[in-house]
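Here are the chains, one letter per residue:
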Amino acid sequence: MNNSARTKAYGRSAMIALTLAVLTIIEFYVAISLDSAIFLMLIALFKAVIVVQAYMHVSRLWSPEGEH
Amino acid sequence: MTLWSLGLVRGVVGQIVGFAAGMALVIASRLLFGFDPVWNQEPALVGGIIIGSIGFLIGVGALTDWFKWMRGIETPLHHGPPHGRPAWTRYFGVDYNHKVIGIQYGVTGIILLGIGGMFAVIFRTELAASGFQFLNPSNYNTYLSMHGWAALAAILLGIGGMANYLVPLMIGAEDMAFPRLNAFAFWINVPGIITLLMSLNYGWDGGWTVYPPLSVLGPVGYQFTFWAVFLIGLSSILGSLNLIVTILRMRPPGMSLFRMPIFVWAVFATSLIQLTATQFIGQAFLMLSFERLLGMGFFDPDKGGAPILFQHLFWFYSHPAVYIFVLPGLGIISEILPVFSRKPLFGYRWIALSSIAIALVGFLVWGHHMFTSGYGEYLRVPFMISTLLVAVPTGVKFFSWLGTMWGGKLSFPTPMLFVLGAISVFLIGGLSGPILATTATDLFLHDTYFVVGHFHATIFGGFVFPFFAAIYFWYPKITGRMYDETLGKIHFWLMTPAFWTMSLGQMSVGVMGMRRRIADYDPALGVEFGHVLVTIAGFTIAFSVLLMIYNLLHSAETGRVAGNNPWRSRSPEWQIPSPAPEHSYASPITVVGEPYDYGIPNSTYVHMAPLAAADD
Amino acid sequence: MTTVTAALEGYTQQLRNNRMGLWLFFISEAFLFGGLLVTRFYLWGNTRPELDQTIGLIVTGVLLLSSFSMNMAETAIEHGDRRTFLGGLAVTAVLGLVFLIGVMVFEWGLFPAIYEGHLKPGDNVYGAVVFAMTGMHALHVISGIIFIAIVWNLGRKGGFSPERHWGVESCAIYWHYVDVVWIFFYPALYLIGTVAH
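Keep in mind the model is a prediction, meaning the values are calculated, not measured. (Residues numbered from 1 in each chain as written. Chains lettered and ligands numbered in written order. Predicted model: local features only at pLDDT ≥ 70, side-chain atom pairs only at ≥ 80, totals over all residues.)

1. Quick word on the overall build of chain B
Piece 1. Tallying secondary structure elements over chain B gives 19 helices and two strands in all.
Piece 2. Here the C-alpha radius of gyration of chain B, 24 Å, is about what a compact globule of 616 residues would show, namely 25 Å.
Piece 3. By principal-axis analysis of the C-alpha atoms, chain B measures approximately 75 × 60 × 45 Å.
Piece 4. When burial is assessed residue by residue, chain B has 55% of its 616 residues classed as buried.
Piece 5. Taking as baseline every contact in chain B between residues at least 6 positions apart, the subset at least 24 positions apart corresponds to 81%. (Helix = DSSP H or I, 4+ residues; strand = E, 2+ residues; numbered from the N terminus. Rg over C-alpha atoms; globule rule 2.2 N^0.38 Å. Buried ≥ 20, exposed ≤ 12 C-beta atoms within 10 Å, placed from the backbone. Contact = placed C-beta atoms within 7 Å.)

Below, the structure is given as structure tokens:
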């Protein structure tokens, strides 16, 4: 395990969190200004997909062995 | 060996202790948060139910391994009967072998089926004549409602029994994917059943559908039902999860999806429904429970709630639940027919896919239970069409059964008789279905005995008859001995005509105007003779089932030794010794052919020994 | 085949079974939370109760941060960094508790001495659905915190390695799943619809 790979992984984790935070703020302002339920649910869906893909590594379900 | 070493005994003691602890907990927290009457029966009882169930699971030992994992202790799987105790004791405690768990499910299912049937016989006797004989309207309704949930729980257990015993055997797996979860999923049923039976003490009268507002206003017995169903539903969810992983991940080399035994397909389709839809009834019943406890107005129009919402949530589970009940049974029919027809199963792929199709379409039809509920009228026609659509994949199954028997070398031992009985009874249920699915006729027949007749025909044809067929068919594999063929045939010839009488009788009194869930009726309706017939038929069925139980118990001791494969089946579980050994397969199996090529020379399905020794 | 590779193969097999099992559990739970959302839209339609927007944003942000620290912890054990792993878990559990306090004390008004809640479960359909949704979610948060505490304790005693840490992985994705549920519950409770009164 070299340190740069680890730092890179932490950085990626932080970037995803930042993206989610930005999306949440957008969500809040969409709610105030647009009041569109569909649009809000789409943003929520987008956030959920990011979490499922990046944090919950759903792809490990069908990826071959090895990688944890 | 002491009584205390039996898990079941420890579990019951745990439940009693937990019940008391739960009640104390509720009283203590009411004191702490300053609620006015510190003693309030209903919340205290609910606390008792919840903690009591946990107490049972701790007592029986279903959580022991997991508690050890939490402390970082590894727990290797224990195989074989427990040390220093007779072998039979393993059936009364936590055991991780899927065959033991399958028997536990099956036997509990039969016992509960008996209890459910007993309730039916009680109120059936009351209905044999108009006027009140020995029941009053309130306890009539309690027995009727108890009959509903006891029988439904029994069916879920029976399905769990067949699936747990057969699926790993049929796919040549060592065990289920998660043996501990499997044991947990069985044992959580037992506190559920105990809780359900406790509701008798308080009574509840809403029928198995427990619609609000009646179920919110009724006696406290409802709370027991809600939580009992919640526990049994949790078992469904965890059990089906286990089965899906087992089926998808633990098949032997060569067994592609379309080379699985057809029963495994049926279980897979059933598990898909159980895994998902069950959450809705759990949620709906929790909402009812909390509406009673905290006055949360989900279904109370005074508070802005909507009673019809409950019906939507309830039927979104409870209609697919009917397919949960019948799909494994239909799988059993397709599984057993080719063996006794000595011919390939007709249209294997179509049968496999029709199970999936029924499961998927089943999610879109719940509204046909609500034609008279007052929901939006524009919903009626779509739900009518989607419901009628179910007839298509079901019809596929009927054609396949006929095609399989056509030109076959039929023989008629008891399992085959029950399969044919199942087809005839399911046909009655199936043909009365479209009449109820059509809005115009349903408006007339809704809430009459016609519905009762239709439902019992589908459930007997789709579950009870195939379940009995499966019991007789796999009995030699389970015990190593044959059941008594004569008694089996008497059972069949008593039960089948009796059931036809019962089902058609119920439908006819329904058309004549007999409402369901009513303790009394006007003799002027002219239904009294019909009710007498139905009651006699009910008693005959009950007697014939007792005959079966006697047969099963008696033959386990005295039956003729069956041998490995008395039915000349091709399925892998028949290629191993009877009774099935602790480790089912001495060596891994390999699938090399089609499962149902009966009567085709030189065709093999499984190789019992590995094809080539690649190891070492 | 040596016994070591056989054991590893057995572990990988079980790991893949475990992953599928856990995801099937998530699918099942999705129907539970989906049912609550259906209830919300059926009963409220395009209206919503007046909830404290500041609390809503704060708890949502806290849960998001906890997802980040949880992912840090999981990444750390994958790279054998035990200190960050334990620290990340601890931070996640604390943030989870902050979320719970935010909901239970400042939304529910569990302790009227600190904050008098303005919604009661028995008031009307708004109170009922708010308490049902946040209550069911809080139940999952609580079980997640217990799960984290167990994993943290095992990790402290030297459990888990970069090669074998299913306990951590399952705990992490369970926690993220609870976050995903809140991603849908937050707009459904706080943002969608006009305030009814």
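Let us keep going from here.
2. Notes on the packing of helix H2 (residues 41-60) of chain B against helix H9 (residues 221-249) of chain B
Residue and element names in this part refer to chain B.
Piece 1. It is at 10 Å that the axes of H2 and H9 come closest, and there the two elements cross at 25°. With respect to H9, the axis of H2 lies roughly parallel. Where H2 crosses over H9, the handedness of that crossing is right-handed. Along the contact surface, H2 presents Glu42, Leu45, Val46, Ile49, Ile50 and Ser53, while H9 presents Gln223, Phe224, Trp227 and Leu231.
Piece 2. A class-by-class count of the residues in the contact of H2 with H9 yields seven nonpolar, two polar and one charged. (Axes fitted to C-alpha atoms, helices over the stretch in contact; angles between N-to-C directions. Parallel < 35°, antiparallel > 145°, perpendicular 65-115°, else oblique. Left-handed = near helix turned anticlockwise from the far one by under 90°. Nonpolar A, V, L, I, M, F, W, Y, C, P; charged D, E, K, R; others polar.)

3. What about the arrangement of the chains?
Piece 1. Most contacts, when the two pairs of chains in contact are compared, are made between chains B and C.
Piece 2. In this structure chain A stays clear of chain B, and the shortest span between their C-alpha atoms is 12 Å.

4. Comments concerning the nonpolar core
For soluble globular proteins, the rule of thumb is that nonpolar side chains tend to be buried together.
All names here are of chain B.
Piece 1. Of all hydrophobic cores here, the largest spans 248 residues; its most connected members are Ala153, Trp187, Val264, Ile336, Val419 and Ala469.
Piece 2. Setting aside chain neighbours within four positions, we find Ile336 in contact with Pro415, Met416, Val419, Ala469 and Phe473.
Piece 3. Tyr449, Val452, Met507 and Tyr521 belong to the second largest nonpolar core, which has eight residues in total. (Core = buried A, V, L, I, M, F, W, Y, C linked by C-beta atoms within 7 Å.)

5. Comments concerning the interface of chain C and chain A
Piece 1. The interface of chain C with chain A comprises 29 residues on the first partner and 28 residues on the second.
Piece 2. Of all the secondary structure elements, the ones that give two or more residues to the side of chain C that touches chain A are helix H1 (3-44), helix H2 (53-78) and helix H5 (166-191) of chain C.
Piece 3. In the side of chain C that touches chain A, the residues fall into 15 nonpolar, ten polar and four charged.

6. Re the packing of helix H2 (residues 37-55) of chain A against H5(C)
Helix-helix packing is described using two parameters, namely the angle between the two axes and the distance between the axes.
Piece 1. Across the interface, H2(A) lies against H5(C) with an axial gap of 9 Å and an inter-helix angle of 170°. By the angle between their axes, H2(A) is roughly antiparallel relative to H5(C). Taken together, the residues of H5(C) that come into contact with H2(A) (itself represented by Leu40(A), Met41(A), Ala44(A), Lys47(A), Ala48(A), Val51(A), Val52(A) and Tyr55(A)) are His176(C), Asp179(C), Val180(C), Ile183(C), Phe184(C), Pro187(C) and Leu191(C).
Piece 2. Along the lines of polarity and charge, the residues of the contact of H2(A) with H5(C) split into twelve nonpolar, one polar and two charged.

7. Considerations on the interface of chain C and chain B
Where interface size is quoted, it is often the accessible area lost as the parts come together.
Piece 1. Contact with chain C, which involves 27 residues of that partner, is made by 29 residues of chain B.
Piece 2. Counting residues per element, the side of chain C that touches chain B draws most heavily on H1(C), at 15 residues.
Piece 3. For the side of chain C that touches chain B, the per-class residue count stands at 17 nonpolar, eight polar and two charged.

8. Topic: H2(A)
Piece 1. Look at H2(A): 26 Å from first C-alpha to last across 19 residues, which is about the 27 Å you get at 1.5 Å a residue.
Piece 2. Those residues of H2(A) that fall on the buried side of the exposure criterion are Leu40(A), Ile43(A), Ala44(A), Lys47(A), Val51(A) and Tyr55(A). Projected down its long axis, H2(A) shows its buried positions confined to an angular sector of 100°, all on one face. Among the exposed residues of H2(A), those pointing more than 90 degrees away from its buried face are Ile38(A), Leu45(A) and Gln53(A).
Piece 3. Structurally, H2(A) contributes buried residues whose contacts are with helix H1 (3-33) of chain A together with H2 and H5 of chain C. (Expected span 1.5 Å × (residues − 1). Arc of directions from axis to C-beta.)

9. Describing unusual backbone geometry
Residue and element names in this part refer to chain B.
Piece 1. In this structure, Pro213 follows Pro212 across a cis peptide bond, with omega equal to 5°.
Piece 2. Relative to the helices and strands, Pro213 resides in the loop between helix H7 (189-198) and helix H8 (214-217).
Piece 3. For the bond running from Ser578 to Pro579, omega is -10°, close enough to zero to count as cis.
Piece 4. If you trace the backbone, Pro579 turns up in the loop between helix H19 (528-558) and strand E1 (590-591).

10. Notes on the confidence of the model for chain C
Piece 1. Chain-level statistics for chain C give a pLDDT mean of 92 and a share of 96% at 70 or above.
Piece 2. The complex prediction reports pTM at 0.94, with the ipTM value standing at 0.93. (pLDDT = per-residue confidence, 0-100.)

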